[in-house]
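# Residue-level structural notes
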Amino acid sequence: MSTHKPAFKEWLIALANTNTEFSDLAYDVQSDNNFPDCSKKEILTDYIKSRTFDYRIHDMYLKAIDLYLDEL
């Protein structure tokens, strides 16, 4: 039996209605129809950096993607 490994976007959106430090980022990703549906850190990092110059968002994204990759 295979297990479903969600893409980063799916994993993060599941945190949108939680009381975690990632919920605001999750809401932003959920409303972004162009957010990549992949789990490649380099692609996602480039995308985030192209969408905002806010280092706080970059830092939060990096915490989230690292947690995601550690969980898989």
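What you are looking at is a predicted structure, and each value in this text was computed from that prediction instead of being measured.

### Some points on the side chain of serine 23
Mapped onto the elements, serine 23 comes out in helix 2 (residues 23-31). Once residues lying within four places of it in the same chain are set aside, the contact partners of serine 23 are Leu15, Ala16 and Thr18.

### Quick word on the packing of aromatic side chains
Using the criterion set out here, one finds 6 aromatic pairs in the structure. Summarising the aromatic geometry, the rings of phenylalanine 8 and phenylalanine 35 are spaced 6.5 Å apart at their centres and angled 35° between planes, so their arrangement reads as tilted. Of this pair, phenylalanine 8 sits in helix 1 (residues 8-13) while phenylalanine 35 sits in the loop between helix 2 and helix 3 (41-51), and the two are 27 residues apart along the sequence. Per residue, the accessibility class of phenylalanine 8 equals that of phenylalanine 35, and both read buried. Through a chain of ring-to-ring contacts, three or more aromatic side chains come together here, namely Phe8, Trp11, Phe35, Tyr47, Tyr61 and Tyr68.

### Describing the nonpolar core
Counting 19 residues, the largest nonpolar core has Phe8 and Leu12 as the members making the most contacts within it. For this core, the element with the most residues is helix 4 (residues 55-71), which contributes 5 residues.

### A closer look at the pattern of salt bridges
For the structure shown, the criterion picks out 4 salt bridges. Notably, a salt bridge pairs lysine 63 with glutamate 21, separated by 2.9 Å at the nearest N-O pair. You can see lysine 63 sitting in helix 4 and its partner glutamate 21 sitting in the loop between helix 1 and helix 2, a full 42 residues away along the chain. Classification of lysine 63 by relative accessible area gives partly exposed; the value is 44%. The shortest N-O distance in the salt bridge between arginine 51 and aspartate 32 comes to 3.7 Å. Here arginine 51, found in helix 3, pairs with aspartate 32, found in the loop between helix 2 and helix 3; they are 19 residues apart in sequence, far enough to count as distant.

About the cut-offs
- Residues numbered from 1 in each chain as written.
- Predicted model: local features only at pLDDT ≥ 70, side-chain atom pairs only at ≥ 80, totals over all residues.
- Heavy atoms only, no water.
- Helix = DSSP H or I, 4+ residues; strand = E, 2+ residues; numbered from the N terminus.
- Contact = heavy atoms within 4.5 Å.
- Phe/Tyr/Trp six-rings, centres within 6.5 Å; stacked < 30°, edge-to-face > 60°.
- Buried < 20%, exposed > 50% of the residue type's maximum accessible area, 1.4 Å probe, protein only.
- Core = buried A, V, L, I, M, F, W, Y, C linked by side-chain atoms within 4.5 Å.
- Salt bridge = Lys/Arg side-chain N within 4 Å of Asp/Glu carboxyl O.

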